[in-house]
Amino acid sequence: MTELAGLTLAAPVLVASGCGGTGRELAAYGPLADLGGFVTRSITLNPRPGGPLPRIAETPSGLVHAVGLQNPGLEPFLATELPWLAQQGTRVVVSIAGSSLGEYAELARRLGRSPGVSAIEVNLSSPDAPTTGVFDVREPFHAASVVAAVHRDLPRGVPVLAKLRTDVVRVVESARTVLDAGADAVVVGNALPAAMPDGRQAGLSGPAILPVALRCVAEVCAELPGAQVVGAGGITSADDARSFLAAGAVAVQLGTALLHDPTAAARIVADLHDVVPEPTID
Amino acid sequence: MTELAGLTLAAPVLVASGCGGTGRELAAYGPLADLGGFVTRSITLNPRPGGPLPRIAETPSGLVHAVGLQNPGLEPFLATELPWLAQQGTRVVVSIAGSSLGEYAELARRLGRSPGVSAIEVNLSSPDAPTTGVFDVREPFHAASVVAAVHRDLPRGVPVLAKLRTDVVRVVESARTVLDAGADAVVVGNALPAAMPDGRQAGLSGPAILPVALRCVAEVCAELPGAQVVGAGGITSADDARSFLAAGAVAVQLGTALLHDPTAAARIVADLHDVVPEPTID
Amino acid sequence: MTQTPRRGPVHVTGELLATKKVGAYHHLTLVAPGVADGFRPGNFVAISVGESRLARRSFWIHRVKPVGGYGAALELVVEATGPGATWLTRLAPGARLEVTGPLGRPFALPKEPVSCLLVGDGYAAAPLFPLAERLRERDCPVTLLVAGSDEAHLLSALEARRSARAVTVVTADGSVGRKGTVADAVDEVLARAGAEVVYAAGPVPTLHAVAAAAEAHGAWSQTALERPLTCATGLCQGCVVPVVGEDGVSRTVRACHDGPVLRGDRVRWADLGADLGQVR
Amino acid sequence: MTQTPRRGPVHVTGELLATKKVGAYHHLTLVAPGVADGFRPGNFVAISVGESRLARRSFWIHRVKPVGGYGAALELVVEATGPGATWLTRLAPGARLEVTGPLGRPFALPKEPVSCLLVGDGYAAAPLFPLAERLRERDCPVTLLVAGSDEAHLLSALEARRSARAVTVVTADGSVGRKGTVADAVDEVLARAGAEVVYAAGPVPTLHAVAAAAEAHGAWSQTALERPLTCATGLCQGCVVPVVGEDGVSRTVRACHDGPVLRGDRVRWADLGADLGQVR
Ligand SMILES: Cc1cc2nc3c(=O)[nH]c(=O)nc-3n(C[C@H](O)[C@H](O)[C@H](O)COP(=O)(O)OP(=O)(O)OC[C@H]3O[C@@H](n4cnc5c(N)ncnc54)[C@H](O)[C@@H]3O)c2cc1C
Ligand SMILES: Cc1cc2nc3c(=O)[nH]c(=O)nc-3n(C[C@H](O)[C@H](O)[C@H](O)COP(=O)(O)OP(=O)(O)OC[C@H]3O[C@@H](n4cnc5c(N)ncnc54)[C@H](O)[C@@H]3O)c2cc1C
Ligand SMILES: Cc1cc2nc3c(=O)[nH]c(=O)nc-3n(C[C@H](O)[C@H](O)[C@H](O)COP(=O)(O)O)c2cc1C
Ligand SMILES: Cc1cc2nc3c(=O)[nH]c(=O)nc-3n(C[C@H](O)[C@H](O)[C@H](O)COP(=O)(O)O)c2cc1C
Ligand code: FES
Ligand code: FES
């Protein structure tokens, strides 16, 4: 059993934001309850149609994507997506993105009161923020101000995960300031800021970026021993997951791997079980 | 013909620092004179034995490396490596790294007076600087202070290239400040800060990182229209090179591609010629 | 139109049994346990094509056929257009393949025995052959319009003739059948067949022409779209198609999950420009 | 010891002609124009093993043989230990391969016809067979010590018997020849052969044992090291080996470029610990 931000998770493997559809598409391949949690795509206050096509391109061992945070907006999410997710027996983590502190606060207020929300993940690391109009977190204090706004407006008992950029120069300071501002754990990290072949701003994810994410996770865990860190970036196997856990992460998230193999998360959960037997209490 | 920092290059493709050996190993596969230039591995004042093994590991479509700037030090370099390089009919760019501003200045002074040095490339982006003890450039002003020190001590006519990290948040500001401090061009960029499988600090290079480098090059070229930018990161084909040139780079550097195929630079030079015929003057 | 609920898709390690070159295409036979079970015409499979290529490649299920000892095998028709598909056509029998399927919303079948026109262009005629069989089982008279750039790019209509009342063949170079495109021929064939439902699979211009012709003749159209699919399973939102909903409101649907078969009168064809996607 | 200057290496697209399984190994025959030309025993080739794996994989050149219409072909002996080598052994004939070679500093040959002992462990015996031939051409009496974990991991010494005066076989499980390792047998074989030069290829512990035995008997040793090579061409400095120079000063050399054959008395074997490299 994994303990994250006061929550008990069935496994140390979660679905990363934006890579599990509405949950139903993934559930076609196996129960979500087997996983440690499901992070929704980033939800915004108002509906967002997403960016122009092509939105995703293949690069060697990676994907570059500029989906543009397509989502139905908060109200339809609460009405149609959340209730179904809440019944799946998994931890539902709602990722949020806003264009202003006020929007983040509003999202926190509404979601904090909604049954079925296990935690809020604050997206502070959109790789194409300048294009999409999402609040552009460039300095650690930007991140901290968002987390503070969210934290203030969230009922007690709903933990906050702060999802940071895997920017090795600032990730430790960013983690420290968001934890100070009230985050219960940090997620390190998001897709790397990158370009589509045609030059548009995009995010790079997949196995290509694993060594960068691992470096950032290792530095945060080493510098902030008390911090709870969730690692993400390029994980496709139980061995990958183990390197993040070995570096000090309490759990990992899987994104691109699911786009390539919708059973990847369940497979890794099973493989982790096989080799590291749970300690038995007696 | 390519013009870079006042130098005429035979082609817009250079050998990246640390990936062409001493030059002789690469010359076994074809004359260096066919290439736009040869950047040496980063030379330090004193000899450096390099880091422990394993120094290089394979990751999907990338390499992570912690060579630790192994090099013979300035004196032996001047005595044994430079004279041979200077005779190859290519532009010799000497990359330098130091642990202090004084070391950088000393390197510049000595190299500036050495015949055969076409330009100095200042390594401001070592991915494992904290481990190797090289001056750790975390903020743009750190980079500018190194460039200023080098610039001051270099004879006129020896241009300075500043090699920056592909850190999207700061790369534009870094480029601006080093150009202000006297750099003639910027190289964007180095291997990404990453971890070896065993957790040691390392750099990630190769096709895996191309979309990140391309993003940074595109941002610098868009924000600083007058700047001369050399792009580097994951280039393995003429098409890759063309995307950097299309984003505004005047030339590109090739590193990891050469480790995989020692003829890669010559091949790309030829392929670029084939498709973009040089304008004829008559 | 009815559509019986189908079993869900599975993700399995399959095995390539055989590859046969027929004209410009490679017919691949593979076993992928569980994929054939819920198959309906218009479903497709997604296949991983090498370790460093993370986007899946999708292929119409052309046929499901029993294979001794293996249960059912799938037949796919692959054109080696780019590196991904080429990789696939070069595999030796026995190669293991990651296969996901059956995917996507299949062709909806008519409740009544109405006259149907099936239009297939290039390899995309592949899903129409099993469709023709199902329609014949429902006593729907079937007319086929098969198109290709030349003879090599024409999916053999031989077997389909068994299920079809009439078959028209057009090629762009006139090497077989009439010279011309689907757009040139569809109006006349549609009128002659008196079809009430038109099914089509092929490049976007072909589908657009078919949808327009159907609308002009007051027929239903069911168009099977090919868009660049990254996950092919509805997870990534990379494959959106602009449509007009039943309510008249414009929105987007996912080609892989809400399609690939969409009502021709709902797709905003004009907004599916070249800039909206790379596949054909 | 003499060493004639050799032509430089080339990087070419080669073609796999055939793969034959022999015991635990795969014998690959490939053409790689120009690579065979400058071959000397102890040279190796570097091969690219798939698009996403950027480190080259190195293999001893086991044999150079004429092939009708192709000029010379290379024979390699590959053990499918990890994913890279396995990828290689699974290729179908006709596959194209990026090959660089001949690489590395080969075995130095004696000027005089002196008695030589050749020690090969596992697939690494591969470069010793062509070496035995060259030595015989120079009238050097050759003794062979061939080792392996079991019969399947023993490179057939049949042909080498033609070039060798005596052949000793040891296997770790005793399935063929004597039971034991090179370390157990080398002293006795060396003494019996009265060898003045010992050539060895195999895992580090084997080479270390051979170098020590040679030193004890006052013989020269030439050890062919396998270290993890990334570029294999001397560019990356990833493959350093600690040595003691002629001047007695410790330094590092590149296994790929300054080796792989190094004088056994120069290598600082104790500093080549497991932490210094992953390959064997
Ligand atoms: C529902 C459906 C059914 C299809 N059925 C068939 C069929 O039966 N037979 C057939 O031959 N083809 C079929 N296709 C087309 C097929 O899936 C491939 O698009 C086609 O084979 C070209 O792929 P490639 O790998 O050769 O192209 P590539 O040249 O490898 O790809 C072209 C370029 O696009 C990029 N790219 C390719 N696919 C994607 C993607 N999904 N996401 C992001 N980037 C991508 C690649 O990186 C590359 O740069 C179908 C497509 C769809 C959507
Ligand atoms: C001079 C020389 C000659 C050789 N001759 C032979 C021969 O004749 N026959 C034979 O079977 N083998 C030979 N080898 C060993 C061979 O090159 C491979 O190391 C071996 O086949 C295992 O490779 P693999 O790809 O299967 O291992 P993998 O399992 O793919 O690699 C093992 C691990 O190490 C990493 N890795 C592998 N190689 C490198 C590298 N070069 N740099 C960085 N990381 C790396 C991989 O990423 C992987 O994690 C020789 C090696 C050398 C140095
Ligand atoms: C198609 C796609 C959409 C994504 N959408 C979001 C999102 O809405 N919010 C977010 O925080 N991260 C998003 N991400 C980033 C992932 O959650 C994840 O952090 C990142 O891709 C790195 O992990 P991976 O390499 O396992 O994919 C998205 C990634 C992909 C590939
Ligand atoms: C083995 C290796 C050694 C390197 N050594 C240096 C170095 O000494 N100085 C430096 O500035 N960059 C060094 N680099 C970085 C490259 O010059 C290049 O900037 C980087 O690898 C990105 O380009 P690539 O993807 O084409 O390799 C090294 C890279 C590799 C792979
Ligand atoms: S391809 Fe991913 S949602 Fe359709
Ligand atoms: S493997 Fe690159 S220098 Fe030896």
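Residues numbered from 1 in each chain as written. Chains lettered and ligands numbered in written order. Predicted model: local features only at pLDDT ≥ 70, side-chain atom pairs only at ≥ 80, totals over all residues. Heavy atoms only, no water.

An unreviewed UniProt entry annotates chain C as Dihydroorotate dehydrogenase electron transfer subunit originating from Nocardioides koreensis. Under the Sequence similarities (unreviewed entry) heading, UniProt states for chain C: "Belongs to the PyrK family." (UniProt positions renumbered as here; feature names shortened; annotations may be inferred.)

Chain A is annotated in an unreviewed UniProt entry as Dihydroorotate oxidase B catalytic subunit from Nocardioides koreensis. Reading the Cofactor (unreviewed entry) entry of the UniProt record for chain A gives the comment "FMN".

**As for the overall build of chain A**
If you tally the helices and strands in chain A, you get ten helices and 14 strands. Taken against the 2.2 N^0.38 rule, which gives 19 Å for 282 residues, the C-alpha radius of gyration of chain A at 17 Å falls within 12% of a compact globule. Taking the principal axes of the C-alpha coordinates as reference, chain A spans close to 50 × 45 × 40 Å. Here the analysis covers contacts within chain A between residues at least 6 apart in sequence; of these, 70% occur between residues at least 24 apart. Accessible surface, chain A: about 9,500 Å² in total, of which carbon and sulfur atoms supply 55%. Of the charged side chains in chain A, 19 are positive and 27 negative, and the gap between their average positions amounts to 7 Å. (Helix = DSSP H or I, 4+ residues; strand = E, 2+ residues; numbered from the N terminus. Rg over C-alpha atoms; globule rule 2.2 N^0.38 Å. Contact = heavy atoms within 4.5 Å. Areas by Shrake-Rupley, 256 points an atom, 1.4 Å probe, with all protein chains shown as cover. Lys, Arg positive; Asp, Glu negative; His and termini not counted. Charge placed at Lys NZ, Arg CZ, Asp CG, Glu CD.)

**Notes on the environment of D153 of chain A**
Here D153 of chain A shows up in the loop between α5 (140-152) and β9 (160-164). Beyond its immediate sequence surroundings of up to four residues, D153 of chain A is in contact with A105, A108 and R109 of chain A.

**Some words on unusual backbone geometry**
That bond from L53 of chain A to P54 of chain A is cis: its omega, -10°, falls within 30 degrees of zero. Position of P54 of chain A relative to the elements: it lies in the loop between β4 (37-39) and β5 (56-59). The step from G259 of chain D to P260 of chain D runs through a cis peptide bond, and the omega angle for that step is 5°. Looking at where P260 of chain D falls in the secondary structure, it is placed in the loop between β15 (250-254) and β16 (261-263). Of note, the phi angle at A232 of chain C is positive, near 70°, even though the residue is not glycine. With respect to the helices and strands, A232 of chain C occurs in the loop between β13 (220-224) and β14 (240-244). Within the chain, Q237 of chain C stands out as a residue other than glycine whose phi angle is a positive 60°. Here Q237 of chain C shows up in the loop between β13 and β14. A relative accessible area of 12% places Q237 of chain C in the buried class. (Buried < 20%, exposed > 50% of the residue type's maximum accessible area, 1.4 Å probe, protein only.)

**Brief notes about the packing of helix α7 (residues 210-223) of chain B against helix α8 (residues 238-246) of chain B**
Residue and element names in this part refer to chain B. Packing of α7 against α8 brings their axes to within 9 Å, and their N-to-C directions diverge by 25°. For the element pair α7 / α8, the angle class is roughly parallel. Contacts from L210, A213, L214 and V217 in α7 reach D240, S243 and F244 in α8. Here the residues of the contact of α7 with α8 sort into five nonpolar, one polar and one charged. (Axes fitted to C-alpha atoms, helices over the stretch in contact; angles between N-to-C directions. Parallel < 35°, antiparallel > 145°, perpendicular 65-115°, else oblique. Nonpolar A, V, L, I, M, F, W, Y, C, P; charged D, E, K, R; others polar.)

**Points about empty space enclosed by the protein**
All names here are of chain B. Counting across every chain of the model gives seven cavities of 30 Å³ or more. Here the largest cavity defines a volume of roughly 610 Å³. Lining the largest cavity are 39 residues, and of these S17, G18, C19, H65 and N190 sit closest to its centre. Sorting the residues of the lining of the largest cavity by element identifies β6 (62-65), β14 (251-254) and α9 (256-260) as the ones contributing at least two each. Residue classes in the lining of the largest cavity are distributed as 17 nonpolar, 19 polar and three charged. Counted as a void, the second largest cavity has a volume near 220 Å³. (1 Å grid on protein atoms, 1.4 Å probe; cavity = no way out; pocket = protein on both sides within 12 Å on 5 of 7 lines; lining within 4 Å. Points joined across faces, edges and corners; volume = space filled by probe spheres on them.)

**Describing the interface of chain A and chain C**
Interface extent is often summarised as the accessible area lost during association of the parts. Listed by partner, the interface residues are 30 residues for chain A and 29 residues for chain C. Interface of chain A and chain C: buried area, both sides summed, is about 2,400 Å²; carbon and sulfur atoms make up 57% of it. Among the residues of chain A in contact with chain C, L53, E58 and H260 of chain A are the three that bury the most area, contributing 29% of the side total. The interface formed by chain A and chain C includes two salt bridges. Notably, a salt bridge pairs R254 of chain C with E25 of chain A, separated by 2.6 Å at the nearest N-O pair. Across the chain A-chain C interface, the total number found is twelve residue pairs in polar contact (both at pLDDT 80 or more). Elements that contribute at least two residues to the side of chain A that touches chain C include exactly α1 (24-27), β5, β6 (62-65) and α9 (256-260) of chain A. With four residues, the single largest contributor to the side of chain A that touches chain C is α9 of chain A. (Buried area = accessible area lost by both parts, 1.4 Å probe. Salt bridge = Lys/Arg side-chain N within 4 Å of Asp/Glu carboxyl O. Polar contact = N/O pair within 3.5 Å; in protein donor to acceptor, adjacent residues only side chain to side chain.)

**Some remarks on α5 of chain A**
Residues that lie three or four places apart on an α-helix share one face, since the helix turns once every 3.6 residues. All names here are of chain A. A rise of 1.5 Å per residue sets the reference length of α5, with its 13 residues, at 18 Å; its end C-alpha atoms lie 18 Å apart and thus fit the reference within 8%. P140, H142, A143, A144, V146, V147, A149 and V150 are the residues of α5 that are buried. Against the buried residues of α5 lie β7 (92-96), α3 (101-112), β8 (119-123), β9 and α6 (171-180). (Expected span 1.5 Å × (residues − 1).)

**Re the confidence of the model for chain A**
For chain A, the average pLDDT comes to 93, and 97% of its residues sit at 70 or higher. Contacts for the low-pLDDT stretch residues 277-282 of chain A, under 50 throughout, to residues beyond four places or in other chains number two contacts. (pLDDT = per-residue confidence, 0-100.)

**Focus on the pattern of salt bridges**
Taken as a whole and assessed by the stated rule, the structure comprises 48 salt bridges over all chains. Of the charged contacts in the structure, one is a salt bridge between E75 of chain A and R110 of chain A, with a shortest N-O distance of 2.6 Å. Taken together, the residues span a long stretch of sequence, with E75 of chain A in helix α2 (residues 74-86) and R110 of chain A in helix α3 at a distance of 35 residues. Its salt-bridge partner being R53 of chain C, residue E51 of chain D comes within 3.7 Å of it at the nearest N-O pair. With E51 of chain D in the loop between β3 (44-47) and β4 (57-60) and R53 of chain C in the loop between β3 (44-47) and β4 (57-60), this residue pair bridges two chains. Judged by its relative accessible area of 11%, R53 of chain C falls in the buried class. When salt bridges with common partners are traced through the structure, they connect E246, R263, D265 and R266 of chain C into a single cluster.

**Quick look at the sheet that holds strand β13 (residues 229-232) of chain A**
Residues and elements named next belong to chain A. Around the barrel, eight strands lie side by side as β3-β4-β7-β8-β9-β10-β13-β14; this closed barrel has parallel pairing. Recorded for the sheet is a direction-independent mean angle of 25° between the axes of neighbouring strands. As defined by bridge partners, β8 adjoins β9 across four bridges and the pair is classed as parallel. What sits directly across from V122, in β9, is A162. Here α3 sits on the sheet and contacts β7 and β8; the angle it forms with β7, its principal contact strand, is near 160°. (Pairing = 2+ DSSP bridges.)

**Quick look at the site of ligand 3**
All names here are of chain A. By nearness alone, 21 residues border ligand 3, and S17, S42, K163, G234 and T256 come closest of all. The backbone of G234 places a nitrogen or oxygen atom 2.6 Å from an oxygen atom of ligand 3. G255 places a polar main-chain atom, nitrogen or oxygen, 2.9 Å from an oxygen atom of ligand 3. Here ligand 3, which alone exposes 610 Å², has 96% of that area covered by the protein. (Near = heavy atom within 4 Å.)

**What about the site of ligand 4?**
Residue and element names in this part refer to chain B. Near ligand 4 lie 21 residues; those nearest to it are S17, S42, K163, G234 and T256. In this structure, a nitrogen atom belonging to ligand 4 sits 2.7 Å away from a side-chain N or O atom of S42. One of the backbone nitrogen or oxygen atoms of G189 is found 3.3 Å away from an oxygen atom of ligand 4. Summarising the interface, the protein chains cover 95% of the accessible area of ligand 4, which totals 600 Å² for the free molecule. With respect to the detected pockets, ligand 4 is housed in the largest cavity. (Sits in = over half its atoms within 2 Å of the grid points.)

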